[in-house]
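Reading the structure
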Amino acid sequence: MTIPDLTRQLPEAPVLPAMSRQPAAVPRPRGAYSAETARQDFPVLHRTVNGHPLVWLDNGATTQKPRQVIEALAAYYGTANSNIHRGAHTMAREATEAYEAGRAAVARFLGAPDPASIVFVRGTTEAVNLVAQSWGQDNLGPGDDILVPVLEHHSNIVPWQMVAGRTRARVVPVPLTPEGEIDRFAYEDLLSSRTRLVALSHASNVLGTVPPVREMTALAHRYGAKVLVDGAQAVAHFPVDVTELDADFYAFSGHKLFAPTGIGALYAKPEVLADMRPWQGGGNMIDSVDFGLTTFAPVPHRMEAGTGNIGGVIGLLAALDWLGSFDRDAVTAYEEGLMAYARQAMATVPGLELVGAAPERIAVLTFTLAGHDPAAVADWLDRDGIAIRAGHHCAQPALAHYGLESAARASLALYNTSEEVDRLVASLHRLQQTSG
Ligand code: PMP
C-alpha cells in the first residue's frame, strides 16, 4: 500500500486563517455531476486489494476521504497545531478561529439557525448518549414513553434503554411494515400524552428506508414530545435542513461524510440546548471553578468538556467544503440512478434476495444469498477486491423483522460507478456458478 507523501504538499504559510475565511473549494458547475471526477480526489480508491482494483462498497460503515481532507489534516498538524479557547498566542487564536469556523460550517450544512446550536461530539453514538444522559435524565420519569422504530441502529436504541432503566421510562418499539417502512398507523396509535421523545433515523443503515421525518416530527410535537433524528446515514446522501424538519435534535458522524473518524456533531434547538445540564465535567466547559460553587460556560461550550478533536473539526470543515462544491441535488439524482441500476443487476443473481423494499430509500443494498452465509459472501467478494459488510449491522431488531440474524450489505456512495456494480454482480454470479 502506498501512502501519498503529503509533506510535499504542505503550504508554506499556516493554513488556518485562510481556511476559516472560506470558501476554499471552487464551486463546480451546477447540475453536472461526474463520479469519475469525484473519484480523482480519493487516493485510496486507486489502490488494489488482493490483486484487484478496490471496489469500496462499505460506505455505510465509513466513507473514504478526499485528498482535500487528508491535506487539511496534514497541514493543520504540520503548520498550525495548537489547543484552542486559550488565547495566549497567535496559533491558539488561529486554531480557535478554525474550530469555530467548523461549527459555523456545520450549522450552515444542517440549516441550523445559529452555530451555538451545534455541539461537537465523537460521532452519532456520542450525540445520542449526550442527549440521553443530559436531556433524558432530566426530562424522563416513570410512565413516560420513548418511541423508537424497529429499524434503528443500536446506538439509537441502547442509550434510551439505559436512561429508561434509570428513570423508569419505557422504550416502546414502533413496528415496521413488510416493506421495511415505519408503520404509520401504529406510530399514530402509540403516540400519546405519555410520549416524551421519538428517536428515529433519517435513513436506515440496514434497510435503506428514509422515513417521513418531517411528518412524524409534526405528529410528535402535537403531543408535546421531542424528536431526535439520527442522521448518520442521511447526511452523505441528501441535503438536510433541521429547521425545515423542525427536529429538536439531529446527530451525525463525520466519518460517514468523507471526514475523519472521531468527530461528529449534535444539533439541538437553541431553547432546548439552553436548558440542558452538562453531561461531562472538566476543562473548557466552565465559567469559574470554586470548591464552594462552580459555574458553567454558555452552550455549546458547556457540553464540550476537555480538549476536543480539533484536527477532526478541521477535517470536517474540509469535507463540508468539498461536498459543498457539488450540486447536491445532482449528486442525489446520480446515487438514485446508480441504486436503481444496482437493484436490477443484483436481482439477476440466482438466490439473491434484497432485504427491505421501502420506496423512499438511500443506496443501501442489504441482501441474502441462498446457500451462503453472509460472512462467506463478504469473504468471496474480498478476494475480488470488493469490500462489503456482513453481520447484524448493529441493527438486530431490523433484521429480526425479516427473520434474519445476519445479512450482507453493499452500501454505495457518490464515488461509486456502474462498472463497480457490474464487478459486484459478476463476482456474485461466479460464486453461484462455482457452488452450483
Ligand atoms: N446510526 C446509524 C443509522 C448508523 O448507521 C451508525 C453507524 N453505522 C450509527 C448511528 C453510529 O455511528 P457512529 O459509530 O459513527 O457513532
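One can find the structure itself at the top, above this paragraph.
Given the structure is predicted, the values throughout are model-derived calculations rather than measurements.

Our next topic: the pattern of salt bridges. According to the stated counting rule, one finds 16 salt bridges in the structure shown. One salt bridge in this structure joins Glu-304 and Arg-103, with 2.8 Å as the shortest N-O distance. Remark: Arg-103 occurs in helix H4 (residues 90–110) and Glu-304 occurs in the loop between strand S12 (295–296) and helix H11 (310–324); sequence separation between them is 201 residues. Taking relative accessible area as the criterion, Arg-103 reaches 1% and is therefore assigned buried. The shortest N-O distance in the salt bridge between Arg-196 and Asp-144 comes to 3.4 Å. With Arg-196 in strand S7 (residues 195–201) and Asp-144 in the loop between helix H5 (124–139) and strand S5 (145–149), the pair connects residues that are 52 residues apart, well separated along the chain. What makes Arg-196 partly exposed here is its relative accessible area of 28%. What makes Asp-144 buried here is its relative accessible area of 10%. One network of salt bridges, with partners in common, ties together Asp-58, Arg-389 and Arg-409.

This part is about the packing of aromatic side chains. Applying the stated criterion across every chain, the model contains twelve aromatic pairs. A ring pair is formed by Phe-42 and Trp-322, whose centres lie 5.2 Å apart and whose planes are at 85°; its orientation type is edge-to-face. In this pair, Phe-42 sits in the loop between helix H2 (35–39) and strand S1 (48–49) while Trp-322 sits in helix H11, placing the two residues 280 residues apart along the sequence. With respect to class, Phe-42 is no different from Trp-322; both count as buried. Residues Phe-42 and Tyr-415 carry aromatic rings whose centres are separated by 4.7 Å and whose planes lie at 65° to one another, so their mutual orientation is edge-to-face. Taken together, the residues span a long stretch of sequence, with Phe-42 in the loop between H2 and S1 and Tyr-415 in the loop between strand S17 (407–411) and helix H15 (418–435) at a distance of 373 residues. With a relative accessible area of 0%, Phe-42 lands in the buried category. Given a relative accessible area of 0%, Tyr-415 falls into the buried group. Here a set of aromatic residues connected by ring pairs shows up, and it is made of Tyr-33, Phe-42, Phe-258, Trp-322, Phe-326, Tyr-334 and Tyr-415.

A separate point is the layout of surface pockets. Space inside the largest pocket adds up to approximately 480 Å³. Lining the largest pocket are 29 residues, with Ala-61, Thr-125, His-153, His-255 and Lys-256 positioned closest to its centre. Those elements giving two or more residues to the lining of the largest pocket turn out to be H5 and strand S16 (389–391). Taken together, the residues of the lining of the largest pocket break down into six nonpolar, 17 polar and six charged. The volume enclosed by the second largest pocket comes to roughly 400 Å³. Lining the second largest pocket are 22 residues; nearest its centre among them are His-202, Val-210, Phe-238, Pro-239 and Glu-360. Broken down by secondary-structure element, the contributors of at least two residues to the lining of the second largest pocket are helix H8 (213–222), helix H9 (242–245) and helix H12 (328–346). Among the elements that make up the lining of the second largest pocket, the one with the highest residue count is H12 (four residues). For the lining of the second largest pocket, the residue count by class is twelve nonpolar, three polar and seven charged.

Let us now look at the nonpolar core. Counting 87 residues, the largest nonpolar core has Leu-110 and Tyr-250 as its most contacted members. Examining the composition of this core, we find that ten residues originate from one element, H11, more than from any other. Setting aside anything within four residues of it in sequence, one finds Leu-110 in contact with Ile-118, Val-235, Val-240, Asp-241, Val-242, Tyr-250, Phe-252 and Tyr-267. Formed by 29 residues, the second largest nonpolar core is a distinct cluster that contains Val-119, Ile-157, Leu-228 and Val-272.

Right, let's talk about unusual backbone geometry for a bit. Look at the link from Val-299 to Pro-300: it is a cis peptide, with omega at 5°. With respect to the secondary-structure elements, Pro-300 resides in the loop between S12 and H11. In this structure, Asn-50 is a non-glycine residue whose phi angle is positive, near 50°. Within the fold, Asn-50 resides in the loop between S1 and strand S2 (52–53). We note that Cys-394 has phi near 50°; this positive angle belongs to a residue other than glycine. Here Cys-394 lies in the loop between S16 and helix H14 (396–400).

By nearness alone, every residue bordering the ligand is listed as Gly-123, Thr-124, Thr-125, His-153, Ser-155, Asn-205, Asp-230, Ala-232, Gln-233, Ser-253, His-255 and Lys-256. The separation between an oxygen atom of the ligand and a polar main-chain atom of Thr-124 is 3.4 Å. Starting from 400 Å² of accessible surface for the ligand in isolation, the protein chains cover 85%. When atom positions are compared with the pocket grids, the ligand is found to occupy the largest pocket. Residue composition of the shell around the ligand, grouped by class: one nonpolar, nine polar and two charged.

Another point: the sheet that holds S16. Strand order in the open sheet formed by four strands is S13-S14-S17-S16, and the pairing between neighbours is antiparallel. Either end of the sheet is taken by a strand with one partner, and the two such strands are strand S13 (352–355) and S16. Averaged over neighbouring strand pairs, the angle between their axes works out to 35° when direction is ignored. With three bridges connecting them, S16 and S17 associate as antiparallel partners.

Let us now look at helix H3 (residues 67–80). For H3, with 14 residues, the first-to-last C-alpha span of 18 Å sits near the 20 Å given by 1.5 Å per residue. Considered for burial, the residues of H3 that qualify are Val-69, Ala-72, Ala-75, Tyr-76, Thr-79 and Ala-80. One face of H3 carries all of its buried residues, which in axial projection span an arc of 130°.

What counts and what doesn't
Residues numbered from 1 in each chain as written. Predicted model: local features only at pLDDT ≥ 70, side-chain atom pairs only at ≥ 80, totals over all residues. Heavy atoms only, no water. Salt bridge = Lys/Arg side-chain N within 4 Å of Asp/Glu carboxyl O. Helix = DSSP H or I, 4+ residues; strand = E, 2+ residues; numbered from the N terminus. Buried < 20%, exposed > 50% of the residue type's maximum accessible area, 1.4 Å probe, protein only. Phe/Tyr/Trp six-rings, centres within 6.5 Å; stacked < 30°, edge-to-face > 60°. 1 Å grid on protein atoms, 1.4 Å probe; cavity = no way out; pocket = protein on both sides within 12 Å on 5 of 7 lines; lining within 4 Å. Points joined across faces, edges and corners; volume = space filled by probe spheres on them. Nonpolar A, V, L, I, M, F, W, Y, C, P; charged D, E, K, R; others polar. Core = buried A, V, L, I, M, F, W, Y, C linked by side-chain atoms within 4.5 Å. Contact = heavy atoms within 4.5 Å. Near = heavy atom within 4 Å. Polar contact = N/O pair within 3.5 Å; in protein donor to acceptor, adjacent residues only side chain to side chain. Areas by Shrake-Rupley, 256 points an atom, 1.4 Å probe, with all protein chains shown as cover. Sits in = over half its atoms within 2 Å of the grid points. Pairing = 2+ DSSP bridges. Axes fitted to C-alpha atoms, helices over the stretch in contact; angles between N-to-C directions. Expected span 1.5 Å × (residues − 1). Arc of directions from axis to C-beta.

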